[in-house]
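Summary of structural features
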Amino acid sequence: MAYLSCINPIAYVCYRVMPESIDQMQRRIEQIKEALMKIGDMRPGSLSEQYNVCGKSGCRCKDPKKPKRHGPYYQLSYTRSGKSKTEFVKKHMVAEVREQIQNYAKFRKLTEDWVEFSVKIAQARKTET
Ligand SMILES: [Zn+2]
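This text gives an overview of the structure that appears in the document. (Residues numbered from 1 in each chain as written. Predicted model: local features only at pLDDT ≥ 70, side-chain atom pairs only at ≥ 80, totals over all residues.)

Right, let's talk about the overall build of the protein for a bit. Counting its regular elements, the protein contains three helices and three strands. Going residue by residue from the N terminus, the α and β elements of the protein occur as α-α-β-β-β-α. Residues counted as buried form 4% of the 129 residues belonging to the protein. In the protein, once contacts between residues fewer than 6 apart in sequence are set aside, the share between residues at least 24 apart is 54%. (Helix = DSSP H or I, 4+ residues; strand = E, 2+ residues; numbered from the N terminus. Buried ≥ 20, exposed ≤ 12 C-beta atoms within 10 Å, placed from the backbone. Contact = placed C-beta atoms within 7 Å.)

Our next topic: the sheet that holds strand 3 (residues 83–89). As summarised here, the arrangement of the three strands in space is 1-2-3, forming an open sheet in which the pairing is antiparallel. Either end of the sheet is taken by a strand with one partner, and the two such strands are strand 1 (46–52) and strand 3. Strand-to-strand twist across the sheet, computed as the mean angle between neighbouring axes with direction ignored, equals 30 degrees. Relative to strand 3, strand 2 (residues 70–80) is paired through seven bridges, and the arrangement is antiparallel. Looking across to strand 3, one finds that Gln-75 is bridged to Phe-88. Contacting strand 1, strand 2 and strand 3, helix 3 (residues 94–128) runs over the sheet at an angle of about 145 degrees to strand 1. (Pairing = 2+ DSSP bridges. Axes fitted to C-alpha atoms, helices over the stretch in contact; angles between N-to-C directions.)

Below is the structure:
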């Protein structure tokens, strides 16, 4: 029982030290690496839909009873190097961009898990000796 040797007074930290064996965690990391190799094109950000009003007088978008705005227009917002950016996405590209966003989320989750397991392995090795 690895956590019995834990000297940290905060109990839950002790229990978190070894949820799995080092071997198991290393296998999980190998699986993560394989999954990462399979990830296709990706991009960070979130897609939003917009409906706009134009400048034309008497246009349907300004109908007093039942205004029908123009759109949807698609916008991708993301932050790179501390700067937030927004760009328009053409309608025929929306499905592709959605997939790229999902790929990015998957990439982030996998690398987070990889780091998480690496930390746990390091902690587990410390308590082993
Ligand atoms: Zn209009």
